[in-house]
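Survey of secondary and tertiary structure
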Amino acid sequence: MANSKLYKGSLNTIILKLLDEKGKMYGYEITQKVKELTKGELTITEGALYPALHKLEAEGLLDVEVAKVDNRIRKYYKLTEVGEKETVNRLAELEEFIRSMQNLVKPNWSIQ
Amino acid sequence: MKIAQDHIQELYKFTRKHYVEHYDLQTELVDHLANGIEEQWQENPNLSFEDALQNEFKKFGAFGFMDVVEEKSAAMRKKYLKVVLSFLKEFVKFPKVLLTMCLVGLITIMLWNIPIGFRHGSVLGILFAHVFVVFYLLFKNRSNNELEMVRHGKKWLLKDQIYSYGHWVNFLNLLPIILNLKFIREQISMDNSLVLLAFACLIVLSAFLTVTILIVVPSKADELLSSTYPEYNFTN
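As the structure is a computational prediction, the values presented were derived from the model and not from experiment.

1. Let's talk about the overall build of chain B
Helix and strand counts for chain B stand at twelve helices and zero strands. Reading chain B from its N end, one meets helices and strands in the order α-α-α-α-α-α-α-α-α-α-α-α. Against the compact-globule benchmark of 18 Å for 236 residues, chain B has a radius of gyration of 25 Å, which places it well outside the compact range. Dimensions of chain B, computed from the C-alpha atoms along their principal axes, are close to 85 × 40 × 30 Å. Counting contacts in chain B only where the partners sit at least 6 residues apart, residues at least 24 apart contribute 74% of the total.

2. Quick look at the overall build of chain A
When its secondary structure is counted, chain A shows five helices and three strands. Shown N-terminal to C-terminal, the secondary structure of chain A runs as helices and strands in the order α-α-β-α-α-β-β-α. Each of the 112 residues in chain A was classed as buried or not, and the buried ones make up 25%. Restricting to contacts in chain A with at least 6 residues of sequence separation, those with at least 24 account for 48%.

3. Description of the interface of chain B and chain A
Every contact between the two is made by 23 residues of chain B and, on the other side, 21 residues of chain A. Sorting the residues of the side of chain B that touches chain A by element identifies α1 (5–17), α2 (23–43) and α4 (66–89) of chain B as the ones contributing at least two each. Tallying contributions element by element places α2 of chain B first for the side of chain B that touches chain A, with eight residues. In terms of residue class, the side of chain B that touches chain A is built from seven nonpolar, six polar and ten charged.

4. Some remarks on the nonpolar core
Residues Ile15 and Leu53 of chain A together with Leu33 of chain B are the most contacted members of the largest nonpolar core, which totals 32 residues. Residue contributions to this core peak at six residues, all from α2 of chain B. Core analysis: the next-biggest nonpolar cluster, separate from the first, contains 27 residues, Tyr23, Tyr80, Leu158 and Val204 of chain B among them.

5. Side note on the packing of helix α6 (residues 116–149) of chain B against helix α8 (residues 168–179) of chain B
Residue and element names in this part refer to chain B. Contact geometry for α6 and α8: axes closest at 9 Å, N-to-C directions at 160 degrees. Considered as vectors, α6 and α8 are oriented roughly antiparallel to each other. Relative to α8, α6 is oriented so that their crossing is left-handed. For the pair α6 and α8, contact is made by Val123, Leu124, Leu127, Phe128, His130, Val131, Val134, Phe135 and Leu138 and by Val169, Leu172, Asn173, Leu175, Pro176 and Leu179, respectively. Its residues assigned to classes, the contact of α6 with α8 comprises 13 nonpolar, two polar and no charged.

6. Things to note about the pairing of strand β2 (residues 62–69) of chain A
Residues and elements named next belong to chain A. Alignment of β2 against strand β3 (residues 72–79), held across eight bridges, turns out to be antiparallel. Paired with lysine 68 across the strands is isoleucine 73, a residue of β3. The hairpin turn running from β2 into β3, its antiparallel successor, is two residues long, and aspartate 70 in that turn takes a positive phi close to 50 degrees.

7. A look at the domain arrangement of chain B
Residues and elements named next belong to chain B. Taken as a whole, chain B is organised into domain 1 (5–64) and domain 2 (84–235). Distance from the C-alpha centre of domain 1 to the C-alpha centre of domain 2: 42 Å. At the junction of the two partners, domain 1 supplies five residues and domain 2 supplies six residues. Grouping the amino acids of the side of domain 1 that touches domain 2 by side-chain chemistry returns one nonpolar, two polar and two charged.

Reading the values: rules and limits
- Residues numbered from 1 in each chain as written.
- Chains lettered and ligands numbered in written order.
- Predicted model: local features only at pLDDT ≥ 70, side-chain atom pairs only at ≥ 80, totals over all residues.
- Helix = DSSP H or I, 4+ residues; strand = E, 2+ residues; numbered from the N terminus.
- Rg over C-alpha atoms; globule rule 2.2 N^0.38 Å.
- Contact = placed C-beta atoms within 7 Å.
- Buried ≥ 20, exposed ≤ 12 C-beta atoms within 10 Å, placed from the backbone.
- Nonpolar A, V, L, I, M, F, W, Y, C, P; charged D, E, K, R; others polar.
- Core = buried A, V, L, I, M, F, W, Y, C linked by C-beta atoms within 7 Å.
- Axes fitted to C-alpha atoms, helices over the stretch in contact; angles between N-to-C directions.
- Parallel < 35°, antiparallel > 145°, perpendicular 65-115°, else oblique.
- Left-handed = near helix turned anticlockwise from the far one by under 90°.
- Pairing = 2+ DSSP bridges.
- Domains from an automatic or database assignment.

Structure follows, in structure tokens:
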């Protein structure tokens with residue numbers, strides 16, 4: 001997608017949703033997973049991903065775990081209990097937003 | 001092709017060169033860059049390490065690691081503040097709340113017994129003396145704390161916050177100065193017992209903050225650091 005501003009506000013929700021599905025993930029894995037799921041349409045830039053992860057961690061929504069992989073230390077992120085609840089809220093908010101946008105762009109749109 | 005140990009050291013150096021001075025953040029970025037480089041090698045095994053690294057670094061944008069560093073520092077400041085507040089809350093819980101109430105009461109009575117004309121000056125005197133004590137402790141412990149920050153050759157963001165006392169002295173310093181501003185001084189009527197109570201609360205609160213920041217939190221540093229950074233114990 002050319003205009004990354006369109007999904008910037010949803011970055012945190014995308015991260016939470018992915019962690020909810022996968023359990024625990026590390027930064028690079030998240031960028032790759034998003035690319036894979038959206039077939040390259042959306043790319044999370046590194047400069048945006050880590051600040052978002054650190055912010056979510058500071059808010060107490062994410063917890064960290066480290067493991068030695070190959071010859072380096074890898075930091076994994078996973079949802080805390082608060083994070084799990086927040087994911088449900090934020091997904092509902094996002095769905096609501098998408099519905100409103102759809103009404104704005106195509107007022108007569110329906111699934112049929 | 002997998003990345004070699006030498007390259008990992010190169011990557012740590014690279015992050016340091018690009019203004020990431022804390023080990024906690026360096027480690028995360030090193031793993032990210034290493035993953036990216038390994039993936040490039042899968043597609044093009046002949047690519048040199050340097051070229052692959054540059055390709056990966058470009059993805060962070062024009063400002064490099066700067067956004068990441070800024071946001072991480074902000075997140076750590078927030079975390080530090082939460083830690084301080086959690087210790088501070090102890091002073092309003094039983095049994096320590098009794099001590100808090102006694103102190104507030106005692107200072108209020110003391111201020112009440114001072115002639116009105118000297119009350120404001122006394123409050124300022126207490127606050128200035130407090131600032132002086134904090135400055136003294138700060139300078140006395142400075143070299144120790146600086147050594148502590150880089151113990152084992154690694155810097156950690158939260159450790160820096162703990163041993164620079166969260167820059168508490170900068171805030172504390174402002175208190176008596178603001179209270180001494182003429183238009184503020186004229187607004188405060190020192191013959192009102194509620195005003196005296198408020199000043200007593202302010203004095204006690206700032207003293208508790210000093211105790212928490214200068215004594216309690218540093219004494220729990222190792223515990224806090226290993227719970228924040230799971231890697232803290234096995235890299236030190």
